[in-house]
Amino acid sequence: MAVYAISPKGIAALEELKDSLTGASEEIAMLSEALLNVVNGLEDGLGIYYKEILELTRNVLLTLKTAKEGDDGIDVLANVLIPRQITKIEELINMGLGDEDDEPPQKKLVLRR
């Protein structure tokens with residue numbers, strides 16, 4: 001996961017990431033289902049390409065389903081891992097350890113002689 005500032009802006013960025021992941025996943029599923037319906041309605045007009053288009057669209061849905069499930073799936077990331085990080089950031093802010101400048105930590109360049 002990318003580095004987010006320990007600040008309210010970092011929390012907001014994580015919330016936005018969570019919403020984007022969930023929204024994109026749902027939109028891909030919805031559009032794929034709509035495509036399946038259109039393809040099924042055009043079976044005669046598509047001729048030899050019908051089965052291939054149908055198979056590719058089903059593969060998209062299967063891939064999405066696989067990506068949503070499991071220990072590192074989209075659902076786990078959006079509903080468990082990101083909220084856990086948000087809670088940790090909130091705890092650090094409450095302890096007074098947040099970034100005042102709202103920027104993620106940067107590596108410092110050190111010149112050696």
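Residues numbered from 1 in each chain as written. Predicted model: local features only at pLDDT ≥ 70, side-chain atom pairs only at ≥ 80, totals over all residues. Heavy atoms only, no water.

Q: Looking at this structure, I do not really get the side chain of T57. What am I missing?
A: Considering the arrangement of structural elements, one finds T57 in helix α3 (residues 50–68). The class for T57 is buried, based on a relative accessible area of 5%. Non-local contacts of T57, meaning those with residues more than four positions away in its chain, are made with S32, L35 and L36. (Helix = DSSP H or I, 4+ residues; strand = E, 2+ residues; numbered from the N terminus. Buried < 20%, exposed > 50% of the residue type's maximum accessible area, 1.4 Å probe, protein only. Contact = heavy atoms within 4.5 Å.)

Q: Just checking my understanding: could you explain the pattern of salt bridges for this structure?
A: Taken as a whole and judged by the stated rule, the model has 1 salt bridge. A salt bridge links K18 to E15; its shortest N-O distance comes to 3.7 Å. Within this pair, K18 and its partner E15 are both found in helix α1 (residues 8–41), separated by 3 residues, close to a single helical turn. (Salt bridge = Lys/Arg side-chain N within 4 Å of Asp/Glu carboxyl O.)

Q: Got a minute to help me understand a nonpolar patch on the surface in this structure?
A: A contiguous nonpolar surface patch, about 250 Å² in accessible area, is contributed by L35, V38 and L42. Position of V38 relative to the elements: it lies in helix α1. Residue V38 is classed as partly exposed on the basis of its relative accessible area, which comes to 48%. (Patch = residues over 30% accessible without salt bridge, like charges linked within 9 Å, V, L, I, M, F, W, Y side chains within 5 Å. Areas by Shrake-Rupley, 256 points an atom, 1.4 Å probe, with all protein chains shown as cover.)

Q: Would you explain the packing of α1 against helix α4 (residues 74–94) in this entry?
A: Packed helix pairs are specified by the crossing angle of their axes together with the interaxial distance, meaning the distance between the axes. Axis separation between α1 and α4 bottoms out at 10 Å; the angle between their running directions is 175°. When the interaxial angle is binned, α1 and α4 end up roughly antiparallel. Of the residues in α4, those in contact with P8, I11, L14, E15, L17, K18, L21, T22 and S25 of α1 are I74, L77, A78, I82, P83, Q85, I86, I89, E90 and I93. Here the contact of α1 with α4 is composed, by residue class, of 13 nonpolar, 3 polar and 3 charged. (Axes fitted to C-alpha atoms, helices over the stretch in contact; angles between N-to-C directions. Parallel < 35°, antiparallel > 145°, perpendicular 65-115°, else oblique. Nonpolar A, V, L, I, M, F, W, Y, C, P; charged D, E, K, R; others polar.)

Q: I would appreciate a short explanation of the environment of L62 in the present structure.
A: Considering the arrangement of structural elements, one finds L62 in helix α3. Judged by its relative accessible area of 52%, L62 is exposed. Counting along the chain gives 33 residues from L62 to A29, while the straight-line C-alpha distance between them is 9.7 Å.

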